[in-house]
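Structural features, examined
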Amino acid sequence: MIAQRVGTTALRRVAGQPKTFFTANLARISATQTRQVATQKLTHDDATNLLAQQRLQRPVSPHLDIYDKKQTWFGGSIWQRFTGSALSGGLYAFGAAYLAAPLLGWHLESASIAAAFGALPFAVKGGLKFALAWPFAFHALNGVRHLVFDLGYGFAKRTVIKTGWYLWGASAVAGSYLAFFL
Amino acid sequence: MASIARSALLKQATTASRMSSFATKPVVNNALRAAAFHTTSRRDLLPPLPQRVDGTINDPAPVPPTSPSHGSYHWTMDRLVAASLIPLTITPFAAGSLNPTLDAVLCATILIHSHTGFQNIIVDYIPKKRTPRARKIFTWGLNAATVVVGLALYEFETTDVGLTEAVKRVWTA
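From a predicted model like this one, the values you see are computed outputs, not experimental measurements.

Some points on the pattern of salt bridges
- Per the counting criterion, the structure on display carries four salt bridges over all chains.
- We note a salt bridge from arginine 81 of chain A to aspartate 124 of chain B, for which the minimum N-O separation is 2.9 Å. In this pair, arginine 81 of chain A is assigned in helix α5 (residues 76-104) and aspartate 124 of chain B in helix α4 (residues 100-125), connecting two distinct chains.
- Residue arginine 169 of chain B pairs with glutamate 165 of chain B through a salt bridge whose shortest N-O separation is 3.0 Å. Highlighted residues: arginine 169 of chain B and glutamate 165 of chain B, both in helix α6 (residues 163-171), separated by four residues, approximately one helical turn.
- Residue arginine 169 of chain B is classed as partly exposed on the basis of its relative accessible area, which comes to 38%.

Rendered as structure tokens:
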């Protein structure tokens, strides 16, 4: 039984019987109830350790896969980062290789790359071009979409979702056009 | 009945935990009591590392000094660079003519855009407070890589045919 509740049944019984001696003092009895508070003196180190222990109990962000897949895996925002780092990563890798080419005896001049690329079968050429053109198209189109967001337009939830799906279609069409029809 | 079961669960959880004696005070008890009601498994993406208290326990979380050149000016510059890439990319292909200066400007803008993009990724995923050494290594690694690629683009622009023309030649090969 909880300490503060001790005696409440008795008090209630008394309150149910008017004109007894105790009812006059009832207010005073309940007002003087005390609550036991236990305090503890902690050293500086103990207090620090306690706080550190308590911080470990704080809630942590849940795992990504509890969220709706449509938002986490097909959101334009993270694919902007994927496509951007793929394109820029490719540029950085090519740049480093181009600089190291004379030392390693590689031929990365535009003429030799074009010649090597031209010798590939059509399907491989198209596939490689699409692998470059689709991320470029996606990044460019979504980049414009995000710049429009940054100006404060198109932020209604329905608009964001709708333009997100248009983006996939438009980037596929634009990527295919750049890869196969140029 | 329910309270009996809960207290038994609580006792079990308390003895199983690695808490020191003073940590099994109300805050911890409440967390354990709440944990008994959770039905889904806990899968933490980033479980907290051992905690360290800087200063005294009553110090508030430090607020970094404001700096527009690392904040709003940087953000605006990022957007201006990104926006300027649209005409810079379209112009040489639409006009059909090639201007070496325009090509150099395109290369420089792409380099800045890539550098700040990679920087954003590093800042987002390698927190300074949690992993200060990795943060430093990646930041300076990126700086070095950008210098190397800048040098390579300079070489490519001055000794080869330039970026736009090279893409055109490979694309139509």
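Some details on the interface of chain B and chain A
- Taken together, the contact between chain B and chain A spans 52 residues of the former and 49 residues of the latter.
- Taking both partners together, chain B and chain A bury about 4200 Å²; carbon and sulfur atoms supply 70% of that area.
- Counting every contact that joins chain B to chain A gives two salt bridges.
- Seen at the junction of chain B and chain A, the total is ten residue pairs in polar contact (both at pLDDT 80 or more).
- For the side of chain B that touches chain A, the secondary structure elements donating two or more residues are α2 (26-35), α3 (72-95), α4, α5 (132-159) and α6 of chain B.
- By residue number, the principal contributor to the side of chain B that touches chain A is α5 of chain B, which donates eleven residues.
- Broken down by class, the residue content of the side of chain B that touches chain A amounts to 33 nonpolar, ten polar and nine charged.

Notes on the UniProt feature "binding site: a ubiquinone" (unreviewed entry) in chain B
- Per the UniProt record, "binding site: a ubiquinone" (unreviewed entry) is annotated on Tyr125 of chain B.
- Counting through the fold element by element, tyrosine 125 of chain B comes out in helix α4.

Here's the deal with the confidence of the model for chain A
- Here chain A averages 84 in pLDDT, while 82% of its residues score no lower than 70.
- Per-element mean pLDDT across chain A ranges from 56 in helix α1 (residues 8-16) of chain A up to 95 in helix α7 (residues 122-150) of chain A.

Considering the packing of aromatic side chains
- Evaluation of the coordinates by the stated rule reveals 14 aromatic pairs over all chains.
- Pairing tryptophan 79 of chain A with tryptophan 168 of chain A gives two aromatic rings, centres 5.5 Å apart and planes at 75°, and the pair type is edge-to-face. In this pair, tryptophan 79 of chain A is assigned in helix α5 and tryptophan 168 of chain A in helix α8 (residues 157-180), connecting sequence segments 89 residues apart.
- Judged by its relative accessible area of 24%, tryptophan 79 of chain A is partly exposed.
- An angle of 75° between the planes, with centres 5.2 Å apart, marks the rings of tyrosine 92 of chain A and phenylalanine 118 of chain B as edge-to-face. Here phenylalanine 118 of chain B lies in helix α4 and tyrosine 92 of chain A lies in helix α5, a pairing that spans two chains.
- Relative accessible area serves as the criterion here: at 9%, tyrosine 92 of chain A is assigned to the buried category.
- Taking relative accessible area as the criterion, phenylalanine 118 of chain B reaches 18% and is therefore assigned buried.
- Cluster of aromatic residues (ring-pair linked, three or more members): Phe74, Trp79, Phe82, Trp134, Phe138 and Trp168 of chain A.

Regarding the packing of α7 of chain A against α8 of chain A
Residue and element names in this part refer to chain A.
- It is the contact of α7 with α8, at a shortest axis distance of 7 Å, that shows an interaxial angle of 145°. Along this stretch, α7 crosses α8, giving a crossing that reads as right-handed.
- Looking at side-chain class alone, the contact of α7 with α8 contains 17 nonpolar, seven polar and two charged residues.

Each value, and the rule that gives it
- Residues numbered from 1 in each chain as written.
- Chains lettered and ligands numbered in written order.
- Predicted model: local features only at pLDDT ≥ 70, side-chain atom pairs only at ≥ 80, totals over all residues.
- Heavy atoms only, no water.
- Salt bridge = Lys/Arg side-chain N within 4 Å of Asp/Glu carboxyl O.
- Helix = DSSP H or I, 4+ residues; strand = E, 2+ residues; numbered from the N terminus.
- Buried < 20%, exposed > 50% of the residue type's maximum accessible area, 1.4 Å probe, protein only.
- Contact = heavy atoms within 4.5 Å.
- Buried area = accessible area lost by both parts, 1.4 Å probe.
- Polar contact = N/O pair within 3.5 Å; in protein donor to acceptor, adjacent residues only side chain to side chain.
- Nonpolar A, V, L, I, M, F, W, Y, C, P; charged D, E, K, R; others polar.
- UniProt positions renumbered as here; feature names shortened; annotations may be inferred.
- pLDDT = per-residue confidence, 0-100.
- Phe/Tyr/Trp six-rings, centres within 6.5 Å; stacked < 30°, edge-to-face > 60°.
- Axes fitted to C-alpha atoms, helices over the stretch in contact; angles between N-to-C directions.
- Left-handed = near helix turned anticlockwise from the far one by under 90°.

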